[in-house]
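The residues making up each chain are set out below.
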Amino acid sequence: MASVANNFSRVSIPSDVHKALCKEAKLLFEGFSVRDVKLIADEDHDGDPILRMTIEHGLVDKEVNLAEVRRKDSQLRSRAWDLGDSRFVHFRHVYNDQQEVSLSDE
Amino acid sequence: MSDDLLVLARRLIKNSGAQKPRQIYLKRAVSTAYYAVFHAMAKSNADMFLGVAKASRSETAWQQAYRALDHGPAKTACQAAQNLNFPVGIKACAAAFATLQEKRHSCDYDPLHRLTRQDALDALAEATAAVKALKLATPKDR
């Protein structure tokens, strides 16, 4: 697995993969007031190739359920794999300072 | 240990300050959340190798198995697990390990790294779900 991922090194993201993943993110987080989606190729702290997706959200008038966000992140990881990019995707969601969040869906 | 670490992470966030949260509290919370998952995984591995019942296992061997978990190789395996046929809970736990390890590294070693309260809550939520998922997993999948 590592050898497959390493083939990517810091190679940039193919434009069709980049476009598809950003589009998918906007669709998946439709109810979460997406302002911006950024996707870059990078390395993690060990130097392993990864993708970093940063999703900026506007203020939503309901609590954002972090468990739901995580499930959608997972769907996006699977989508990247389906598109042929085996790099692990790290997500950061940037919320409005006033945004209320809930920790689980229990 | 992992449950206590989750409680500690929650307290750190709660005590970080309402208006302008202190970065050190948020950073320690994220780091602690990672270690909650790390120790849950270490215990799970040791239990799978040597058994849960203390009476029927060598405590020295169990301790060695517990301490054998290595951050780097474990992260690589957890990333690879995303594309293997594991149950959803195991995949979520593995993803949390890789994700939180990267966050911990930024929190512990990057002095310019800044967190929001939501970032820390997100890490706590992910760690809590990961520890729970690992506990609920069948021995076959662990």
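The rules behind the values
- Residues numbered from 1 in each chain as written.
- Chains lettered and ligands numbered in written order.
- Predicted model: local features only at pLDDT ≥ 70, side-chain atom pairs only at ≥ 80, totals over all residues.
- Heavy atoms only, no water.
- pLDDT = per-residue confidence, 0-100.
- Buried < 20%, exposed > 50% of the residue type's maximum accessible area, 1.4 Å probe, protein only.
- Helix = DSSP H or I, 4+ residues; strand = E, 2+ residues; numbered from the N terminus.
- Arc of directions from axis to C-beta.
- Contact = heavy atoms within 4.5 Å.
- Polar contact = N/O pair within 3.5 Å; in protein donor to acceptor, adjacent residues only side chain to side chain.
- Phe/Tyr/Trp six-rings, centres within 6.5 Å; stacked < 30°, edge-to-face > 60°.
- Lys NZ or Arg CZ within 6 Å of the ring centre and 35° of its normal.

## Focus on the confidence of the model for chain B
Okay, so step 1: Averaged over every residue, the pLDDT of chain B is 93; residues scoring 70 or more account for 100%.
Okay, so step 2: Per the prediction output, this complex has pTM 0.89; the corresponding ipTM is 0.87.

## Focus on helix 3 (residues 59-67) of chain B
Residues and elements named next belong to chain B.
Okay, so step 1: Listed as buried for helix 3 are Trp62, Ala65 and Tyr66. Projection of helix 3 onto a plane perpendicular to its axis shows the buried side chains occupying an angular sector of 105°, all on one side. For helix 3, the exposed residues lying more than 90 degrees away from the buried face are Thr60, Gln64 and Arg67.
Okay, so step 2: For helix 3, the elements touching its buried residues are helix 2 (23-50).

## Comments concerning the side chain of glutamine 82 of chain B
Okay, so step 1: Summarising the element assignment, glutamine 82 of chain B is placed in the loop between helix 4 (71-81) and helix 5 (88-109).
Okay, so step 2: Polar side-chain contacts of glutamine 82 of chain B include one of 3.3 Å to the backbone oxygen of cysteine 78 of chain B.
Okay, so step 3: If we ignore the near neighbours within four places in the chain, the residues touching glutamine 82 of chain B are Arg77 and Phe88 of chain A together with Lys91, Ala94 and Ala95 of chain B.

## So, the packing of aromatic side chains
Okay, so step 1: Scanning the model with the defined rule gives seven aromatic pairs over all chains in all.
Okay, so step 2: Seen from their ring centres, phenylalanine 29 of chain A and phenylalanine 32 of chain A are 5.5 Å apart, and the 85° between their planes marks the pair as edge-to-face.
Okay, so step 3: Aromatic pair tyrosine 35 of chain B and phenylalanine 38 of chain B: ring centres 6.0 Å apart, planes at 70°, arrangement edge-to-face. With tyrosine 35 of chain B and phenylalanine 38 of chain B both in helix 2, this residue pair falls three residues apart, about one helical turn.
Okay, so step 4: Among the residues examined, tyrosine 35 of chain B registers a relative accessible area of 25% and is labelled partly exposed.
Okay, so step 5: The class for phenylalanine 38 of chain B is buried, based on a relative accessible area of 9%.
Okay, so step 6: Of the aromatic side chains, those joined through ring pairs into one cluster are Tyr34, Tyr35, Phe38 and Phe97 of chain B.
Okay, so step 7: Directly above the aromatic system of phenylalanine 32 of chain A lies the positively charged group of lysine 62 of chain A, at a separation of 5.8 Å from the ring centroid.
Okay, so step 8: One residue, arginine 22 of chain B, lies across the ring of tyrosine 25 of chain B, its end atom 4.5 Å from the ring centre.

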